[in-house]
Amino acid sequence: MSLSAPGFPHEAVRERARTGTAAVFPDVSTYGTTLYGAGEAVTGDALDAAALVPPVFVPERLEKLIDLAREPLHSDVDLTTDVGGFASALPVYLSAFGSTQVASVDLGVAASAQAGALGVPMVVGENIVPVSGYGRLDDAGGRSLLARITAYADAAPDGLGGVVVQQSTEDADAEVWNLVYSDPAARPLLESGRLGFELKVGQGAKPGLGGLTVVAREDATRLADQFAVEPVFGRDGPLLRSASPGTFTEEILRQQIRLMRNNFPRARVWVKLPPGRDIGAATRVAWAAGADSVTVDGAQGGSGWAPRAFLAGVGLPLAECLSRIGTPQGCLLVSGRIWEGLRAVKCLAAGARAVGLGRAALLAVETDAQAGLRRLVEALTLEARLLVSALGKYRPAALTREDLWWPGEVTAAEPVPVR
Amino acid sequence: MDTSQNLPAGPREHLSSPTTRAVLLVQHTMLTAAREYLCDRGFTELLPPIIGPVTDPGARGAKQVDVDYYGHRYKLMTSAILYKQASLTAFDRIFCIAPNVRLEPLETSNTDRHLAEFHQIDVEWAGASREDAMGVAEGLVGHVVRRVVERRAAELEVLGRDPDAFADLLSGATFEHRTHEAAVADLHALGHAQSADAEIDWEGEAMLSAKASRPFFVTDYPKGSRGFYDRESDQRPGYLRNFDLLAPEGYGELCSGSEREHRYAQIVARMRETGENPAKYGWYLAMVREGIPASAGFGIGLERLTRYVAGLDSVWQASAYPKVPGVVAP
């Protein structure tokens, strides 16, 4: 059974997973015979509607020119970035997939190996251990976590990337972090400074709710101790299993982050926030408490099961999240319908340090388990280099909000006096 | 990390060595002395449970051990704290010699001060303040050391432990108190990077300990460095009414204790602040909701105290059947 992703440009993602950088351009066979010009009407969200706006005057290109003693090209853009305390080859990371059936073990392992080879950080989702595991990493659920960590570590180049293991309120019962921190399998990552833990406060697809999965009736008894299990799909249908969203106040978030730093001094501390209306305050609390990174999942994000009402109209879109956060006081990571370079570079210009690939990565890996994600990321990388260099800049950190124009705004930035 | 150095020999060689025998005799006297001291002050010894549906989550980075209890996930005790508080509904002053199991991170295998299986002299006192508890801890350590010096001179000689090491401790001078904040400042002055929000790291503890000639207390740890049961100060929000007792000569932490949080709503909120799911603490929260006494108490690591008293290189030498983290042993 192949994956589908309604409302998501899955055919375009699959094309990239098959053909890589070729898909950055129109069909090359049309070269010289087709007239391209003004593009298709924009149909997405506010971030899609925004445009990147290269300037005419490019002082940073002059700096690069002096540095190189030749005119710079897009290939001179240096995309290596610190992502939440890890050295990353690109301003990209692999988002958590969650525990839904979609994120099956095989896809997860294939995605892990490709993310490792790309040298970009990877987040491993919540609920993997409590749903099917029971004890050590070599137990049923731990095996999928272990397989993903091992596949990643085996493929990753020295000194690049990192694995971040998520834990939510229910996972705390299974002590996922303690389990990983004390397990020999995770030791090479820990000792090379490439292990992190992500506190999951919420998620984009269903802000205000905990994880939801559909489980078979025969598994219900085992899970009933930990989760609410309800027969919402008819008398004989499968069951809905709900995890709690967890209770957070400013003080609870602050202290949980401090406790992570206290208990796991050698691991990086990441925090994942839902697109809540107080997202600005929440990110500030997390950074002030010492989080190495804060991930914001826009309302367009998520690979998991969610009620239609939540997909239709709950949570802030990513663009609004970025606006409410303003200038980030720490490393900000964002996810939500990201699969190509344009949306990615817009996010970087709006303040993000890196962007997460979730659904796009799953689709790409399903299209080609060996190289689908690699090709997708290669296409994104080429686009990012083209776009960043077009803005007259040669590293992602140089991007600013003046590189973005939002429709309806009169000017993209303060007028610059002519000298 | 190389863990091949300085590890216990096989059980026969370890148990029959003169060093181990001397250490265990010292420890025997320490246990006798601890019971003597506490019983004389009205403390009742209870035998603590070994398994339960939930245990102390406050161990830094250590994994709990699951036990399949007739299909229910139970835990081996990482500490007796929850049961100590509950036990005060029977007696006002209790103590136990409690076995604990913590699967410590592998990085602790060469600290010379971590065991995956160890014991605590656990004390809890209803209605007591932190200062009351510190007074008992100080008196207890002093009494134990005095008894060993009086009764185990031959064993200390076998171990090469000079009783003069305890001259300052036995002089009658009280143990110094310093706040966590001051300890962090001391470490910064020594050039050690110590977070002001976190527990003092092992290296930092050893540095502070090396500069002392008798045990000393560190108080007022920041919230976020300890479990939910250490009471937050009313006067100084964000700081806990707790303490550690550190041994001198670089031996480091011997004991942690605190005034306890016993109020229901505060405990639930603190559980969330420490990332815990209150649902799994059902029996404990039901007792707390109906009311348990305010209290203060502490747990002294028996093997760590033995290491200090006997002057041992490693804490595993203070156990008949040592479990060094990550090392497979009987």
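Presented here is an overview of the structure given in this document. (Residues numbered from 1 in each chain as written. Chains lettered and ligands numbered in written order. Predicted model: local features only at pLDDT ≥ 70, side-chain atom pairs only at ≥ 80, totals over all residues. Heavy atoms only, no water.)

1. Here we look at the sheet that holds strand 10 (residues 239-242) of chain A
Residues and elements named next belong to chain A.
Then step 1. The three strands are arranged 8-10-9 in an open sheet whose pairing can be described as antiparallel. For this open sheet the edge positions go to strand 8 (212-215) and strand 9 (228-230), each flanked by a neighbour on one side alone. Across the sheet, the mean angle separating the axes of adjacent strands is 25° when strand polarity is ignored.
Then step 2. One ladder, built from three bridges, connects strand 9 with strand 10; its direction is antiparallel. Opposite Ala228, over in strand 10, you have Ser242 as the bridge partner. (Pairing = 2+ DSSP bridges. Helix = DSSP H or I, 4+ residues; strand = E, 2+ residues; numbered from the N terminus. Axes fitted to C-alpha atoms, helices over the stretch in contact; angles between N-to-C directions.)

2. Thoughts on the packing of helix 1 (residues 10-19) of chain A against helix 16 (residues 359-367) of chain A
All names here are of chain A.
Then step 1. Running from N to C, helix 1 and helix 16 cross one another at 50°; their axes reach a closest spacing of 8 Å. Considered as vectors, helix 1 and helix 16 are oriented oblique to each other. Two packed elements cross with a definite hand, and for helix 1 against helix 16 that hand is right-handed. Of helix 16, the residues touching helix 1 (which contributes His10, Val13, Arg14, Ala17 and Arg18) are Ala360, Leu363, Ala364, Glu366 and Thr367. (Parallel < 35°, antiparallel > 145°, perpendicular 65-115°, else oblique. Left-handed = near helix turned anticlockwise from the far one by under 90°. Contact = heavy atoms within 4.5 Å.)

3. What about helix 7 (residues 202-210) of chain B?
Residue and element names in this part refer to chain B.
Then step 1. Those residues of helix 7 that sit buried are Gly204, Glu205, Leu208 and Ser209. Seen along its axis, helix 7 keeps its buried residues to an arc of 135°; they face one direction. Turned more than 90 degrees from where helix 7 packs its buried face, Glu203 and Ala210 sit exposed.
Then step 2. Buried residues along helix 7 sit in contact with strand 7 (176-179), helix 6 (180-189), strand 8 (216-219), strand 9 (242-247) and strand 10 (252-259). (Buried < 20%, exposed > 50% of the residue type's maximum accessible area, 1.4 Å probe, protein only. Arc of directions from axis to C-beta.)

4. Details of the packing of aromatic side chains
Centre distance and the angle of the planes are the two values used to describe a pair of aromatic rings.
Then step 1. Inspection of the entire model under this criterion finds 20 aromatic pairs over all chains.
Then step 2. Ring geometry for Phe86(A) and Trp270(A): centres 5.9 Å apart, planes at 45°, overall tilted. Taken together, the residues Phe86(A) in strand 3 (residues 86-88) and Trp270(A) in strand 11 (residues 268-273) connect sequence positions 184 residues apart. Each of the two residues, Phe86(A) as well as Trp270(A), counts as buried.
Then step 3. Summarising the aromatic geometry, the rings of Trp283(B) and Tyr284(B) are spaced 6.0 Å apart at their centres and angled 75° between planes, so their arrangement reads as edge-to-face.
Then step 4. Assessed through its relative accessible area of 27%, Trp283(B) is described here as partly exposed.
Then step 5. These aromatic residues form a ring-pair network of at least three members: Tyr83(B), Phe228(B), Tyr229(B), Tyr281(B), Trp283(B) and Tyr284(B).
Then step 6. Looking at Arg93(B), its charged tip hangs above the ring of Phe43(B), at a distance of 5.7 Å from the centre.
Then step 7. Over the ring of Tyr221(B) we find Arg226(B); its NZ or CZ atom is 4.1 Å from the centre of that ring. (Phe/Tyr/Trp six-rings, centres within 6.5 Å; stacked < 30°, edge-to-face > 60°. Lys NZ or Arg CZ within 6 Å of the ring centre and 35° of its normal.)

5. Structural notes on the interface of chain B and chain A
Then step 1. Each side of the interface is counted separately: chain B has 31 residues, and chain A has 33 residues.
Then step 2. Across the chain B/chain A interface, buried area totals approximately 2,900 Å², and carbon plus sulfur atoms make up 46% of it.
Then step 3. Counting the surface chain B buries against chain A, the share from its top three residues, Lys63(B), Arg73(B) and Arg272(B), is 24%.
Then step 4. On inspection of chain B and its partner chain A, the count reaches four salt bridges.
Then step 5. Across the pair Arg266(A) and Glu107(B) runs a salt bridge, and its minimum N-O distance is 2.8 Å. (Buried area = accessible area lost by both parts, 1.4 Å probe. Salt bridge = Lys/Arg side-chain N within 4 Å of Asp/Glu carboxyl O.)

6. Brief notes about the pattern of salt bridges
Then step 1. Following the criterion strictly, the structure yields 50 salt bridges over all chains and no others.
Then step 2. Taking the shortest distance from any N to any O, the salt bridge between Glu250(A) and Arg254(A) comes out at 3.6 Å. In this pair, Glu250(A) and Arg254(A) are both assigned in helix 11 (residues 250-263), four residues apart and thus about one turn of the helix distant.
Then step 3. When its relative accessible area of 24% is taken as the criterion, Arg254(A) is described as partly exposed.
Then step 4. Among the ionic pairs, Lys223(B) bridges to Glu251(A), the shortest N-O distance being 2.7 Å. Here Lys223(B), found in the loop between strand 8 and strand 9, pairs with Glu251(A), found in helix 11, and the two come from separate chains.
Then step 5. Since its relative accessible area comes to 3%, Lys223(B) is described here as buried.
Then step 6. Given the relative accessible area of 23%, Glu251(A) is considered partly exposed.
Then step 7. Three or more residues joined by partner-sharing salt bridges are found here, namely Glu250(A), Glu251(A), Arg254(A), Lys223(B), Glu232(B), Arg270(B) and Glu273(B).

7. Describing the pairing of strand 12 (residues 293-297) of chain A
Residue and element names in this part refer to chain A.
Then step 1. Of all five residues in strand 12, five are buried, a share of seventy percent or more.
Then step 2. Neither face of strand 12 is exposed, since Ser293, Thr295 and Asp297 on one face and Val294 and Val296 on the opposite face are all buried.
Then step 3. In this sheet, strand 12 lies alongside strand 11 in parallel orientation, the contact comprising four bridges. Counted as the bridge partner of Val271 is Val294 from strand 12.
Then step 4. Pairing of strand 12 with strand 13 (residues 332-335), which is carried by four bridges, proceeds in the parallel orientation. Among the inter-strand pairings, Val294 is bridged to a residue of strand 13, identified as Leu332.

Remember that the coordinates give geometry; whether it matters functionally is a separate question.
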